[in-house]
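# Residue-level structure breakdown
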Amino acid sequence: MADATSPTGLDERLRGSNQSNLRAHNERAVLSLIRQEGVLAKAEIARRTGLSPQTASVIMRALEAEELVLRDAPQRGRVGQPSVPMRLNPDGAFSLGLKVGRRSADIVLMDFVGTVRAHARRAYDYPAVAEVAAFLRASFAEFRDGLAPRHRSRLAGLGIAMPSEIWNWEREVAAPHGAMDAWRSVDMAALASDIAGLPAFLANDATAACAAELVFGASPSADFIYVFVGAFVGGGIVINNSLVAGRLGNAGALGSMLVADGAGGSRQLINAASIHVLEKMMRDEGRDPRALWAEEGVWPDDLGSLLDRWLALAAGGIAHAVASACAVYDFDCAVIDGSLPAPVRDRLVAETKAALRRLDLEGLSPATVRTGTIGLNARETGAASLPFFAKYLLDHRVLYAERG
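The paragraphs below set out a description of the structure included in this document. (Residues numbered from 1 in each chain as written. Predicted model: local features only at pLDDT ≥ 70, side-chain atom pairs only at ≥ 80, totals over all residues. Heavy atoms only, no water.)

Our focus in this paragraph is the environment of Leu 40. Its place among the elements puts Leu 40 in strand β1 (residues 39-41). Among the residues examined, Leu 40 registers a relative accessible area of 8% and is labelled buried. On a C-alpha basis, the gap between Leu 40 and Val 30 in space is 10.0 Å, while along the polypeptide they are ten residues apart. Not counting residues up to four positions away in its chain, the partners in contact with Leu 40 are Leu 33, Ile 45, Val 84, Pro 85 and Met 86. (Helix = DSSP H or I, 4+ residues; strand = E, 2+ residues; numbered from the N terminus. Buried < 20%, exposed > 50% of the residue type's maximum accessible area, 1.4 Å probe, protein only. Contact = heavy atoms within 4.5 Å.)

In structure tokens form, the structure reads like this:
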């Protein structure tokens, strides 16, 4: 049995096997391990967790009875009984993830293995509390009704990803004066919990996107800096496979990082690598920037030199930010994702690599640059993972506020 000197220090005293007691540390550890590995045999689960085979078997039977895990096909070895691998049951639990952005709101219904089952989106000129609440209410009703009756009780909660102090961006999104003041007083987690009748969890939008890459992505790195290019660029930091929030929760606030402005001075990355910069370029040429948000992941195909100029500006800024980050910690990878059409994102990654090669990196071990694996839905996907970590899994990655 595991004790204080075991590799994991797990407590083998089971504290219940029904739904209300799934906070038991051992059960969370087993579910987290299976989620990480995909498929795992009972004997390997016992070995990796430090639990005795008997205790591991009791836990697995309880989780199987709760329909949180499924048996895979038995695998026969040379001797003894066949090994029975276990995996998470996609229908074992569901969650909702809402992203409140500066130009659009998105919501997803996600199953227990991270597959998005349903998605809805609403574009707007600027975020208004009443409009976002109405969108959530309608989408939640549609998603709930689309679930089989037996699955509706398996909704674990609602995660919300939104920018911190969203009301401070009134001028940048060209909202009427005072139109976003309602955000100052609203408790979005409490409001969402009342609408859905579920526990609600709130996280910064860029932090949620970084968490999605960490939890559901295919990153080969345990130490990476993450850049998400949305209406306003943001980011995150992952060290030793854990998302680092920082003392005040501001770690990875890449938008505020100073980068070269090309004229001997500096500016914040948010004014170089954000889509709002491209919006301004379009307005300056008499074009309607709302075309960038009319359809998710689709931009006008006639942006031409405007897109070229923006990509050069954004790539240069991100390259400086990555180089600066690598002077603080030896990240081995920089991941770039965003609310961008895939071809545009791929061009941004390629141009960032080229811009990084042009910098003076003497004394640094520069990070490789690669494309994110989640894409457009990273923020709402990360938000949808919050209820799972709150209820079923070991959560050392994401900090959130809970209501409900």
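This next bit is on the pattern of salt bridges. Applying the stated criterion across every chain, the model contains 23 salt bridges. A salt bridge links Asp 111 to Arg 117; the nearest nitrogen and oxygen atoms lie 2.8 Å apart. Between Glu 285 and Arg 309 there is a salt bridge, and its shortest N-O distance comes to 3.4 Å. You can see Glu 285 sitting in the loop between α8 (275-284) and α9 (305-328) and its partner Arg 309 sitting in helix α9, a full 24 residues away along the chain. By sharing partners, the salt bridges in this structure join Glu 37, Glu 44, Arg 47 and Arg 48 into a single network. (Salt bridge = Lys/Arg side-chain N within 4 Å of Asp/Glu carboxyl O.)

In this section: the sheet that holds strand β15 (residues 368-371). What the five strands build is an open sheet, ordered β11-β10-β9-β14-β15; its pairing is mixed. Of all the strands in the sheet, the pair left with one neighbour each is β11 (242-243) and β15. Taken together, the four bridges between strand β14 (residues 333-338) and β15 define a ladder with parallel strand orientation. Residue Ala 334 lies in a different strand from β15, and its bridge partner there is Val 369. Strand contacts of helix α7 (residues 205-216): β9 (224-229), β10 (234-239), β11, β14 and β15, with the helix running at about 125° to β9, the strand carrying the most contacts. (Pairing = 2+ DSSP bridges. Axes fitted to C-alpha atoms, helices over the stretch in contact; angles between N-to-C directions.)

Between helix α1 (residues 25-37) and helix α2 (residues 42-49), whose axes approach to 11 Å, the crossing angle comes to 115°. When the axis of α1 is compared with that of α2, the two are roughly perpendicular. In the crossing of α1 with α2, the sense of the turn from one axis to the other is right-handed. Where α1 approaches α2, its residues Val 30, Leu 33, Ile 34 and Glu 37 are matched on the opposing element by Ile 45, Arg 48 and Thr 49. Across the contact of α1 with α2, the residue classes break down as four nonpolar, one polar and two charged. (Parallel < 35°, antiparallel > 145°, perpendicular 65-115°, else oblique. Left-handed = near helix turned anticlockwise from the far one by under 90°. Nonpolar A, V, L, I, M, F, W, Y, C, P; charged D, E, K, R; others polar.)

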